[in-house]
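# Architecture and fold: a report
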Amino acid sequence: MKKWVWALAGFLAAAAPLPAADTAQRLVLTSAAAVSGLAPFFSDVRVFNTSYTDSVSVTATYRCYIPTCPSTPPQVVLTLSPRESRALDDMVLNTFGAGNSAGGVEFDWVGDSEQVVVTSRLYSTSPTPTVGMFIPGLSLSEAFPDTVLTSVRNGGSGLGFRTNAGVFNPGDAAVSVSMDVYDGSVVV
């Protein structure tokens, strides 16, 4: 029985080649912010190396898309040891020095596509602190050119509830975007 299991494992490894170690990878965090004012927003980001054996060098590039953007997209290189997680609290301000702005962050590395995991919490501290929303780092293959958000209503007792919806253009050329809002069967 033991010889058969080893033989089967060898067959599976031969049948499913491992990804090339020198493949360029990218995850995109579509929304990150460091906005002060009446309704401030902040992004706490986590970057995790899933490998048990290999370190990874990740280049994070901030792609600002609302006011006070740096003229050159700021970058930082993170070297993560095996199984290391890096906390980047208020990443836009503390890592990129780009306060009062918002944008997307691209995370690039060379290696296995599943070696790096990126997560973020986008939250507000005022007028009432919020838990915020979870934003995962996604590959471009997970992007949707068309999507539907089925509900944006406030079912709570107080005013001020909001739903965030946005788009991120990973390319260098401008693109046109349309968002339709329906109230019943009528476009608003």
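Values in this document were obtained by computation on a predicted structure and should not be read as measured data. Position numbers for residues start from 1 in each chain and track the written sequence from start to end. Only residues with pLDDT of at least 70 are given local features in this predicted model, and only at 80 or more are side-chain atom pairs given and counted; all residues enter the totals for whole chains, interfaces and linings. Hydrogens and waters are ignored; side-chain quantities use all the structure's heavy atoms.

## Here's the deal with the packing of aromatic side chains
Formally: Two rings belonging to Phe, Tyr or Trp (six-membered ring only in the last case) form a pair when the distance between their centres is within 6.5 Å. Interplanar angles under 30 degrees mark stacking, angles over 60 mark edge-to-face geometry, and anything in between is tilted. Helix and strand definitions here come from DSSP, where helices need a minimum of 4 consecutive H or I residues and strands a minimum of 2 consecutive E residues; each element is numbered from the N-terminal end. Accessible area is worked out with a 1.4 Å probe on protein chains only. A residue is then buried under 20% of its type maximum, exposed over 50%, and partly exposed in between. Note on geometry: a ring has a charge over it if NZ (lysine) or CZ (arginine) is within 6 Å of the ring centre and within 35 degrees of the ring normal.
Under the counting rule described, the total for this entry stands at 2 aromatic pairs. Consider the rings of Phe42 and Tyr123, whose centres lie 6.0 Å apart with planes at 45°: the pair is tilted. Of this pair, Phe42 sits in strand β2 (residues 41-49) while Tyr123 is found in strand β7 (residues 116-123), placing the two residues 81 residues apart along the sequence. Under the relative-accessibility criterion, Phe42 is labelled buried at 17%. On the accessibility criterion, Tyr123 (14% relative accessible area) is buried. Taking 5.4 Å as the distance between ring centres and 15° as the angle between the ring planes, the aromatic pair formed by Tyr62 and Phe96 counts as stacked. Of this pair, Tyr62 sits in strand β3 (residues 56-64) while Phe96 is found in the loop between α2 (91-94) and β6 (101-110), placing the two residues 34 residues apart along the sequence. Judged on exposure class, the residue Tyr62 and its partner Phe96 are both buried. The ring of Tyr123 has Arg121 sitting right over it, with the charged end atom 3.9 Å from the ring centre.

## Digging into the state of the cysteines
Here a disulfide denotes a covalent bond joining the sulfur atom of one cysteine to the sulfur atom of another. The test is simple: The disulfide criterion is simple: two cysteine sulfur atoms within 2.5 Å.
Scanning the entire structure with this criterion turns up 1 disulfide. For Cys64, the disulfide goes to Cys69, at an S-S distance of 1.9 Å. An S-S torsion of about -65° defines the bridge between Cys64 and Cys69 as left-handed. Judged by its relative accessible area of 35%, Cys69 falls in the partly exposed class.

## A word on the pattern of salt bridges
Selection criterion: Here, a salt bridge means any side-chain nitrogen of Lys or Arg that lies within 4 Å of a carboxyl oxygen of Asp or Glu.
This structure, assessed with the given rule, holds 6 salt bridges. A salt bridge links Arg26 to Glu106, with the shortest nitrogen-to-oxygen separation between them at 3.7 Å. Here Glu106 lies in strand β6 and Arg26 lies in strand β1 (residues 24-35), a separation of 80 residues in the sequence. A relative accessible area of 2% means that Glu106 is categorised as buried. The partner of Arg86 in a salt bridge is Glu84, and the shortest N-O contact between them spans 3.1 Å. When its relative accessible area of 24% is taken as the criterion, Glu84 is described as partly exposed. A single salt-bridge network, built from bridges that share partners, covers Arg26, Arg63, Glu106 and Asp108.

## Structural notes on the side chain of Ser31
Put simply, the rule is: Residue contacts follow a heavy-atom distance rule, with two residues in contact if any of their heavy atoms lie within 4.5 Å.
Looking at the secondary structure, you find Ser31 in strand β1. Here Ser31 is in contact with Ser43, Tyr65, Gly103, Gly104, Leu122 and Ile135, once residues within four sequence places are set aside.

## Some details on the pairing of β3
For clarity, the threshold we go by: Should DSSP find at least two bridges between two strands, the strands are regarded as paired.
The sheet contact formed by β3 and strand β4 (residues 75-80) spans 6 bridges and is antiparallel. Note that in β4 the partner of Val58 across the bridge is Leu78. Of the strand pairs in this sheet, β3 and β6 are connected by 6 bridges, and their pairing is antiparallel. Looking at β6, one finds that Thr59 is bridged to Asp108.

## Considering a nonpolar patch on the surface
Heads up, the rule is: Without a salt bridge and with relative accessible area above 30%, a residue can belong to a patch; like charges are then joined within 9 Å and nonpolar side chains (Val, Leu, Ile, Met, Phe, Trp, Tyr) within 5 Å. The Shrake-Rupley method, run with a 1.4 Å probe sphere, supplies the accessible areas, and residue values consider only the shown protein chains as cover.
A cluster of nonpolar side chains, contributed by Val167, Val175, Val177 and Met179, occupies part of the molecular surface with about 380 Å² of accessible area. Structurally, Met179 is set in the loop between β8 (133-136) and β9 (182-183).

## Describing unusual backbone geometry
Within the chain, Arg83 stands out as a residue other than glycine whose phi angle is a positive 65°. A relative accessible area of 36% means that Arg83 is categorised as partly exposed. Residue Asn100 is not a glycine yet carries a positive backbone phi of 55°.

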